[in-house]
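Take a look at the letters that make up each chain.
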Amino acid sequence: MATFTASMVLLRWQLLSAVLMFMASTLNIRFRKADYLGLAVISSGMGLAAACWFATGLLGMTTLDLSTIWHNIVEVMIEASQKAPPDWPMVVT
């Protein structure tokens, strides 16, 4: 019983995000069957957000990590665009 309790405490955010993904999927199916396309799109967005939260939680990523990754992506894109030929991407050989 202690093992189960410890796992529930340690995985509480991942479990919550998994439940949110399930609820968003269920709502999406019901809204699409009832022809509420706007609500279906909203529930799909909620499911996507919960899935991203779930993945970042399992990977142990924090907001600081995501900001560092984004900053590195921007630097790489700037460097690649500076080293590209002047007529890029329309290179005719």
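Rules behind the numbers
Residues numbered from 1 in each chain as written. Predicted model: local features only at pLDDT ≥ 70, side-chain atom pairs only at ≥ 80, totals over all residues. Heavy atoms only, no water. Helix = DSSP H or I, 4+ residues; strand = E, 2+ residues; numbered from the N terminus. Buried < 20%, exposed > 50% of the residue type's maximum accessible area, 1.4 Å probe, protein only. Contact = heavy atoms within 4.5 Å. Salt bridge = Lys/Arg side-chain N within 4 Å of Asp/Glu carboxyl O. Patch = residues over 30% accessible without salt bridge, like charges linked within 9 Å, V, L, I, M, F, W, Y side chains within 5 Å. Areas by Shrake-Rupley, 256 points an atom, 1.4 Å probe, with all protein chains shown as cover. Expected span 1.5 Å × (residues − 1). Phe/Tyr/Trp six-rings, centres within 6.5 Å; stacked < 30°, edge-to-face > 60°. pLDDT = per-residue confidence, 0-100. Axes fitted to C-alpha atoms, helices over the stretch in contact; angles between N-to-C directions. Parallel < 35°, antiparallel > 145°, perpendicular 65-115°, else oblique. Left-handed = near helix turned anticlockwise from the far one by under 90°.

1. Digging into the overall build of the chain
Link 1 in the chain: A tally of helices and strands in the chain yields four helices and zero strands.
Link 2 in the chain: Start at the N end of the chain and walk to the C end: the helices and strands fall as α-α-α-α.
Link 3 in the chain: In the chain, which comprises 93 residues, the share counted as buried stands at 11%.
Link 4 in the chain: Look at the contacts in the chain between residues 6 or more apart in sequence, and 48% of them connect residues 24 or more apart.

2. Brief notes about the pattern of salt bridges
Link 1 in the chain: Applying the stated criterion to the full structure yields one salt bridge.
Link 2 in the chain: Across the pair Lys83 and Glu79 runs a salt bridge whose closest N-O atoms are separated by 3.1 Å. Of this pair, Lys83 and Glu79 both sit in helix 4 (residues 63-83), four residues apart, roughly one helical turn.

3. Some remarks on a nonpolar patch on the surface
Link 1 in the chain: Taken together, the side chains of Leu66, Ile69, Trp70, Ile73, Val74, Met77 and Ile78 define a hydrophobic patch exposed on the protein surface, amounting to about 670 Å² of accessible area.
Link 2 in the chain: Look at Val74 and you get partly exposed, because its relative accessible area is 33%.

4. Thoughts on helix 3 (residues 37-59)
Link 1 in the chain: When the terminal C-alpha atoms of helix 3 are compared, their 33 Å separation across 23 residues agrees well with the 33 Å that a helix rising 1.5 Å per residue should span.
Link 2 in the chain: Among all positions in helix 3, only Ala40, Ser43, Gly47, Ala50 and Thr56 are buried.
Link 3 in the chain: Immediately downstream of helix 3, the backbone of Gly60 shows phi near 75°, a positive value.

5. Remarks on the packing of aromatic side chains
Link 1 in the chain: All chains considered together, the criterion is met by one aromatic pair.
Link 2 in the chain: Centroid distance Phe31 to Tyr36: 6.5 Å. Interplanar angle 75°. Geometry classified as edge-to-face.

6. Focus on the environment of Cys52
Link 1 in the chain: Inspection of the secondary structure assignment puts Cys52 in helix 3.
Link 2 in the chain: By relative accessible area, which is 44% here, Cys52 ends up partly exposed.
Link 3 in the chain: For the pair Cys52 and Ser17, spaced 35 residues apart in sequence, the C-alpha separation works out to 9.0 Å.

7. Let's talk about the confidence of the model for the chain
Link 1 in the chain: Looking at the chain, pLDDT values average 83 and 85% of them are 70 or higher.
Link 2 in the chain: Averaged over each element, pLDDT in the chain is lowest for helix 1 (residues 2-10) (67) and highest for helix 4 (90).

8. Quick notes on the environment of Leu48
Link 1 in the chain: With respect to the element layout, Leu48 can be found in helix 3.
Link 2 in the chain: Owing to a relative accessible area of 58%, Leu48 belongs among the exposed residues under this scheme.

9. Thoughts on the packing of helix 2 (residues 12-33) against helix 3
Link 1 in the chain: Contact geometry of helix 2 with helix 3 gives a least axis separation of 8 Å together with a crossing angle of 160°. Relative to helix 3, the element helix 2 lies roughly antiparallel. Regarding helix 2 and helix 3, the two cross each other, and that crossing is left-handed.

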